[in-house]
Amino acid sequence: MEPYTLTLCEARKLLDQGDITAVRLAESVLGRIRAVEHRIKSFITLRDEAAVMALAEEADRRRGKGKGGALCGLPIAVKDVLCTTTMRTTCGSKMLEHFLPPYDATVIEKLDAAGAVLVGKLAMDEFAMGSTSENCAFGVPENPWRPGYITGGSSGGSAACVAAGESLATLGSDTGGSIRQPASLCGVVGMKPTYGRVSRYGLVAFASSLDQVGPLTRDVSDCALMMNVISGHDPRDSTSADAPVPDYTSMLQDGLRGVRVGVPAEYFGDGLDPEVEQVVRAGITMLADAGARIVEVSLPYTPYCVAAYYLIAPAEASSNLARYDGVRYGFRDTQAGSLLDMYRRSRSAGFGDEVKRRILIGTYALSAGYYDAYYKKASQVRTLLRDDFARVFRDCDLIASPVTPAPAWKIGDKADDPLAVYLSDILTISANLAGIPGMSVPAGFSGDGLPIGIQLQGAHFREDILLRAAWNLEQRAGVRGILPGVVEQ
Ligand code: GLN
């Protein structure tokens, strides 16, 4: 078996036993990248091979001395939204094409401290705005299950990279579904943690009250392991929670007896692809077979989440993106004749269409005459959505539903219809507005072989129960860690 096909936990065991070396693992992953990257295009920046091999050698040395953290010698890649001092951080935007951050994100420091071998930075929708990864300024990643089809977004590169065997695990970010959607469409596990569980320090801001970093992995045990590494309080992020972090790997194998799984009717409404519904309902039956009790619940404000999100997220984005003015860092137009002209020309050329659309919506929604009608109203709806969840989590321990209304579609098919793409976020956005954790777990395939995930959502800081349910589901669904047969060329 080629080492790049291993899960993190499997590779770690082999490393511990001395049956493989970090150098061999890195060689295998780099070889796989060379073989398939031209088809998948999951990376924006690949680390220099010599640097990767030096890290792997260092990991072997540390392991030889009986040292080394939880990820020592394991090849990992991250979405290009996380600041790294060793590689440029573009955020998928021409605006930051040559930006080399002066500091590392906290999660990058944590990966480094755990001994991970960072192999590169992954493709994404520009500034994480999108649901397909087609808004990336440096090429569109393709679904390893069917090149030519979308990976989902905005962490499309992160999902494709894991699914294609180009690294053993990745990090993404999720503002309205951007970890869970591509995880579902590419057949990998993805978790958006509770808001505040993972530090946002060094995560380039899109919508600060919604953004959260999380892992994409080949199986649930790997997701738990990554959560152990990246979670925890960070004094440099004032919104990070000062709450103890449980050992997420320790309770995975507890059964589901006594666990109540809520199924909200509103997540199975019009527009849901029948094959997706079938796979998700079969997954819910598997949770029942594992001992869970299924209860019907209602989240009546669900239909309003897209409208609320597409005011709140652009409003925050319009403020966050004001910093890209061509003065301090990022793209600058050098032909401008005046300061105002330089701002205008730099931002016109540096940002892509979707980012400009969001800035326009956001500044409009925040403007004096419209603030009450749009931003304030959306914030009120957000409170109602959060209350919806709080009420439902009195009757159940987690919620099971689809992640996306349909499996992956062909690249370009909806590129001219932003509204249709926004509407495909309806099942994932509420979790961000409410700040609760959510994850996508592979549950099956469509008739023509495209992956379909099931979404699990829980109360604040109950990632543990999501992981436990996901692990039990994974045992039964029979699709754990399956990698697509990407043709090497
Ligand atoms: N699809 C949503 C958007 O375009 C969410 C993106 C995200 O989670 N980063 O805003």
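See the structure printed just above.
Residues numbered from 1 in each chain as written. Predicted model: local features only at pLDDT ≥ 70, side-chain atom pairs only at ≥ 80, totals over all residues. Heavy atoms only, no water.

Turning our eyes to something else, we now look at the overall build of the protein chain. Across its full length, the protein chain holds 15 helices and eleven strands. Relative to the compact-globule value of 23 Å for 489 residues, the protein chain shows a C-alpha radius of gyration of 21 Å, a close match. Expressed as lengths along the three principal axes of its C-alpha atoms, the size of the protein chain is roughly 65 × 55 × 45 Å. Relative to its full complement of 489 residues, the protein chain shows a buried share of 60%. Long-range contacts, defined here as pairs at least 24 residues apart, represent 77% of the contacts in the protein chain between residues at least 6 apart. On the protein chain, roughly 17700 Å² of surface is accessible, and the fraction owed to carbon and sulfur atoms is 51%. Charged side chains of the protein chain number 50 positive and 57 negative; the gap between the two group centres comes to 3 Å. (Helix = DSSP H or I, 4+ residues; strand = E, 2+ residues; numbered from the N terminus. Rg over C-alpha atoms; globule rule 2.2 N^0.38 Å. Buried < 20%, exposed > 50% of the residue type's maximum accessible area, 1.4 Å probe, protein only. Contact = heavy atoms within 4.5 Å. Areas by Shrake-Rupley, 256 points an atom, 1.4 Å probe, with all protein chains shown as cover. Lys, Arg positive; Asp, Glu negative; His and termini not counted. Charge placed at Lys NZ, Arg CZ, Asp CG, Glu CD.)

What follows concerns the nonpolar core. Counting residues in hydrophobic clusters, the biggest one holds 136 residues, and the most contacted among them are Leu-71, Leu-82, Leu-111, Phe-127, Met-439 and Leu-456. If sequence neighbours within four positions are ignored, Phe-127 has contacts with Cys-91, Ser-93, Met-95, Leu-96, Val-204, Phe-206, Leu-321, Tyr-324, Phe-351 and Val-355. If you look at the next biggest cluster of nonpolar residues, it comprises eight residues, including Ala-159, Ala-163, Val-188 and Leu-216. (Core = buried A, V, L, I, M, F, W, Y, C linked by side-chain atoms within 4.5 Å.)

Turning our attention to the site of the ligand. The ligand sits among 15 residues. The nearest are Thr-175, Gly-176, Ser-178, Tyr-309 and Arg-358. Within the backbone of Gly-177, a nitrogen or oxygen atom sits 3.3 Å from an oxygen atom of the ligand. In the environment of the ligand, a nitrogen atom lies 2.7 Å from a nitrogen or oxygen atom belonging to the side chain of Asp-425. Broken down by class, the residue content of the shell around the ligand amounts to five nonpolar, seven polar and three charged. (Near = heavy atom within 4 Å. Polar contact = N/O pair within 3.5 Å; in protein donor to acceptor, adjacent residues only side chain to side chain. Nonpolar A, V, L, I, M, F, W, Y, C, P; charged D, E, K, R; others polar.)

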